[in-house]
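Notes for the structure review
Each chain is listed here by its residues.
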Amino acid sequence: MKVFKQITAVFIFSAVIALIVNAVNPNGVPLIMEKNIYKQDTTSKSNIGDFINDPYDTTTKPSQFFGGKKNKQGFIEPENISSVLAKQLYDRKALFIDARTKAEYDTLHIKDAVNISYMDFYPKSAAERADVMKKFGKSGIIVVYCNGGTCEVSIDLAYEIAKLGFNNVSIYKGGITEWKTLGHPVETNMK
Amino acid sequence: MENSGSPGRNQYEMKNLLYNKYFQFALRFIIGATFIYASVAKLFHPAEFAKAILRYDMLPVFLVNIQAVIMPWLEFFIGLLLILGIFKKGTSLLASISLIVFLIALTSASVRGLDISCGCFSLEETSSKGDILFRIIQDIFMLLGTVIIYLFSGKPKTDGTNPPAEQV
């Protein structure tokens, strides 16, 4: 009985300290994990090995990374990707496109991401849109993101880019918010 | 004729050693220090530890974070109390229970052929099956140690029998 009391005391004391530290720790976590945010994608080809992407190489033949098929409108639909795959693609030099406004992009964005604001992109003509994208290879892997949560400009922009004939467009719905939370590289243009 | 090799006498000496306070302290110190060492990397990085737990694929997802938060601190205090010799029975039993849980997790990972790192001492995502096997063996030895602390800490029980008399 005495032993049981000791065990209970040690356990409760440790748990209280742990919860307090977790609450004040900037790296603390929510106590209930709602879904496995670290799970590997099973729907897309996440075992990407030593592959290195070069989004600026416009000479390579079109290849398909995500394995989607052309839809009725004749383009390959963008793929939703998780933070894990997003980071793997980031490490392999995928092109990250920030679909938010320039002001938002300047405040904080994924390191080395380029800014193509959907608000500016959408009103352009087809020729002008193609011109914006011409420096990028059609088979390069593109990851489009916005704030995360409920923001939709990443989805809209990804579809517009895919319609131009880009084969490997993906949407990172977690966006800059999740990316920052996970401690991945970010940068700002503010001084 | 000298008869120190008799089974009764050997048993008595063995028991004496197990109850010996220096031996007990050494055991508590080694195991306590190992527990503290194992907890340090995880204390302030629950997210990284949660990833390590997830790799075992054993717990329901909603329990993973709470375990990642509490487990390291429990390990830390078990280690500290073992070294300080406070609540010896309770902490050594708690340590034994933790070690049995680790042992089940490690063995299960090994049997299922999961190519994962242990997540025992550091949180780097290196994967080597040898690591898991080594940890299992280490775990068994530590479990043995905590059981000895549990059974033999404190004063020897006087059960009325005197040590076998030394025959001269």
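What comes next is a walk through the structure. (Residues numbered from 1 in each chain as written. Chains lettered and ligands numbered in written order. Predicted model: local features only at pLDDT ≥ 70, side-chain atom pairs only at ≥ 80, totals over all residues.)

A few points about the overall build of chain A
This is how the line gets drawn: A run of DSSP states H or I qualifies as a helix once it reaches four residues; a run of E qualifies as a strand once it reaches two. Both are numbered from the N-terminal end. Field definition: a residue is buried when 20 or more other C-beta atoms are found within 10 Å of its C-beta, exposed when 12 or fewer are, and partly exposed for counts in between, with C-beta atoms placed from the backbone. Each residue is represented by a C-beta atom placed from its backbone, and any two residues with such atoms within 7 Å are regarded as in contact.
In terms of regular secondary structure, chain A is built from seven helices and seven strands. Ordering the α and β elements of chain A from the N terminus gives α-β-α-β-α-β-β-α-α-β-α-β-α-β. Here chain A holds 191 residues, and the buried ones make up 33% of them. In chain A, the proportion of contacts linking residues at least 24 apart, taken out of those at least 6 apart, comes to 74%.

Examining the overall build of chain B
Counting its secondary structure elements, chain B contains six helices and zero strands. Its helices and strands taken in sequence order, chain B reads α-α-α-α-α-α from the N to the C terminus. By residue count, 34% of the 168 residues in chain B fall in the buried class.

Remarks on the environment of A:Glu79
Residues and elements named next belong to chain A. Take Glu79: it is sitting in strand β1 (residues 79-81). Judged by local crowding, Glu79 falls into the buried class, with 22 C-beta atoms found within 10 Å. Between the alpha carbons of Glu79 and Asn168 there is a distance of 8.1 Å; along the sequence they are 89 residues apart.

Section: helix α2 (residues 21-43) of chain B
In plain terms, the rule: Multiply 1.5 Å by the residue count of a helix minus one, and that product is the helix's expected span.
Its 23 residues place the ends of α2(B) 31 Å apart at the C-alpha level, agreeing with the 33 Å of an ideal helix rising 1.5 Å per residue. Among the residues making up α2(B), those that are buried are B:Leu27, B:Arg28, B:Ile31, B:Gly32, B:Phe35, B:Ala38, B:Ser39 and B:Lys42.

Let's talk about the nonpolar core
Here is the rule we go by: Under the definition applied here, buried Ala, Val, Leu, Ile, Met, Phe, Trp, Tyr and Cys residues are grouped into a nonpolar core through C-beta atoms within 7 Å.
Judged by nonpolar contacts, the single largest core of 42 residues is most densely connected at B:Ala50, B:Ile53, B:Ala68, B:Ile70, B:Phe77, B:Ile78 and B:Ala95. Ranked by the residues each element gives to this core, the list is headed by helix α4 (residues 61-84) of chain B, at 13 residues. Grouped together as the second largest cluster of nonpolar side chains are 33 residues, A:Ala94, A:Tyr145, A:Ala158 and A:Ile176 included.

A word on the interface of chain A and chain B
Applicable threshold: Following the grouping adopted for this structure description, the nonpolar residues are Ala, Val, Leu, Ile, Met, Phe, Trp, Tyr, Cys and Pro, the charged ones are Asp, Glu, Lys and Arg, and the polar ones are all others, Gly among them.
Between chain A and chain B, the residue contacts involve 23 residues of the former and 26 residues of the latter. For the side of chain A that touches chain B, the per-class residue count stands at 15 nonpolar, seven polar and one charged.

Description of the packing of α2(B) against α4(B)
Residues and elements named next belong to chain B. As a reminder of what qualifies: An axis is simply a line fitted to the C-alpha atoms; with a helix, the fit covers only the stretch in contact. Between two such axes, the angle follows the N-to-C directions and lies from 0 to 180 degrees. Should an angle fall under 35 degrees it is taken as roughly parallel, and over 145 as roughly antiparallel, whereas 65 to 115 is taken as roughly perpendicular and any remaining angle as oblique. Definitions for this section: a left-handed crossing has its near helix turned counterclockwise from the far helix by less than a right angle. A right-handed crossing has that turn clockwise.
It is the contact of α2 with α4, at a shortest axis distance of 7 Å, that shows an interaxial angle of 155°. By the angle class used here, α2 and α4 are roughly antiparallel. Here α2 runs over α4; the crossing is left-handed. Counting all contacts with α2, which are made through Arg28, Phe29, Ile31, Gly32, Ala33, Phe35, Ile36, Ala38, Ser39, Lys42 and Leu43, the residues of α4 involved are Pro72, Trp73, Glu75, Phe76, Ile78, Gly79, Leu80, Leu82 and Ile83.

Here we look at the environment of A:Asp112
All names here are of chain A. Tracing the chain through its elements places Asp112 in the loop between β3 (109-110) and β4 (114-115). A count of 11 C-beta atoms within 10 Å places Asp112 in the exposed class. Separated by 16 residues in the primary sequence, Asp112 and Phe96 have C-alpha atoms spaced 7.4 Å apart.

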